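Each chain is listed here by its residues.
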Amino acid sequence: MYSEIIICLKDNADEIFEKQVKMLKERNHSQVLHMGPKEAADYIKICSSDILFISDDEDMLSKAKEIGLATNNPATMRESYMKAMEMLKTIGMNGGQKW
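Presented here is a report on the structure given in the accompanying data block. (Residues numbered from 1 in each chain as written. Predicted model: local features only at pLDDT ≥ 70, side-chain atom pairs only at ≥ 80, totals over all residues. Heavy atoms only, no water.)

Re the state of the cysteines
How we decide: We call a pair of cysteine sulfur atoms a disulfide when they lie within 2.5 Å. Exposure is judged per residue with a 1.4 Å probe applied to protein chains only, and the accessible area is read against the type maximum: over 50% gives exposed, under 20% gives buried, and values in between give partly exposed.
Following the criterion strictly, the structure yields 0 disulfides and no others. Cys47 provides the cysteine sulfur closest to Cys8, a residue in no disulfide bond, and the two sulfurs are 13 Å apart. Judged by its relative accessible area of 3%, Cys8 is buried. Taking relative accessible area as the criterion, Cys47 reaches 17% and is therefore assigned buried.

The structure is reproduced here in structure tokens:
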């Protein structure tokens, strides 16, 4: 469980990313905080260890990992989402239960 989901993006988020964040927020009963790079860099130094840090900046992700935080990036999240949707389509086409 994550108490907070910290989002620090250089690029704009797309609809798929926003849906994934919403699902994570609901599943973990987390607070979502959007931060700029400077604010996020300062925050991750003092935050609790039960947060999820999401960023499209590899340097920021590395710093968060070094501190011991759970991390993810939007590209990986999108890829996972697309694979899951493809699996659901395959199940539906093979006579399985449709969602």
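What follows picks up the thread again.
Overview of the layout of surface pockets
Over the atoms, a rolled probe matching the size of one water molecule traces out where space is still vacant. The test is simple: Using a 1 Å grid laid over the protein atoms alone, points where a 1.4 Å probe fits but cannot get out form a cavity; open sets with protein on both sides within 12 Å along at least 5 of 7 lines form a pocket; any residue with an atom within 4 Å of a point counts as lining. Grid points are joined across faces, edges and corners, and a volume is the space filled by probe spheres set on the points. Residues are grouped as follows: nonpolar covers Ala, Val, Leu, Ile, Met, Phe, Trp, Tyr, Cys and Pro; charged covers Asp, Glu, Lys and Arg; every other residue, Gly included, is treated as polar.
When its volume is computed, the largest pocket comes out at roughly 160 Å³. In this structure, the largest pocket is lined by Tyr2, Gln20, Met23, Leu24, Arg27, Leu52, Asn72, Met77 and Ser80. Looking at the lining of the largest pocket residue by residue, the class counts come to 5 nonpolar, 3 polar and 1 charged.

What about the nonpolar core?
This is how it is decided: Residues enter a nonpolar core if they are buried and are Ala, Val, Leu, Ile, Met, Phe, Trp, Tyr or Cys, with the set joined through side-chain atoms within 4.5 Å. Strands here are runs of E lasting at least two residues and helices are runs of H or I lasting at least four, both read from the DSSP assignment and numbered beginning at the N terminus. Contacts were defined at the residue level, with two residues in contact if any of their heavy atoms lie within 4.5 Å.
Counting 13 residues, the largest nonpolar core has Ala40, Ile44, Phe53, Met60 and Leu69 as its most contacted members. Elements supplying a minimum of two residues to this core: β1 (4–8), α2 (37–46), β3 (51–55) and α3 (58–67). Sequence-distant contacts of Ile44, that is, excluding residues within four places in its chain, are made with Phe53, Lys63, Ala64, Ile67 and Leu69. Of all hydrophobic cores here, the second largest spans 8 residues; its members include Phe17, Leu24, Leu52 and Ile54.

Re the side chain of Ser30
Mapping Ser30 onto the fold places it in the loop between α1 (15–28) and β2 (31–34). Residue Ser30 is classed as buried on the basis of its relative accessible area of 6%. Sequence-distant contacts of Ser30, that is, excluding residues within four places in its chain, are made with Tyr2, Ser3, Glu4, Ile5, Leu24 and Lys25.

Re the pattern of salt bridges
Heads up, the condition is: In the sections that follow, a salt bridge refers to a side-chain nitrogen of Lys or Arg positioned within 4 Å of a carboxyl oxygen of Asp or Glu.
Across all of its chains, the model carries 4 salt bridges by this definition. Between Arg78 and Asp14 there is a salt bridge, and its shortest N-O distance comes to 2.7 Å. You can see Arg78 sitting in helix α4 (residues 74–93) and its partner Asp14 sitting in the loop between β1 and α1, a full 64 residues away along the chain. The closest approach of N and O atoms between Lys83 and Glu79, which form a salt bridge, is 3.4 Å. Of the two residues, Lys83 and Glu79 both sit in helix α4, 4 residues apart, roughly one turn of that helix.

Any functional reading would require information beyond the geometric quantities listed.
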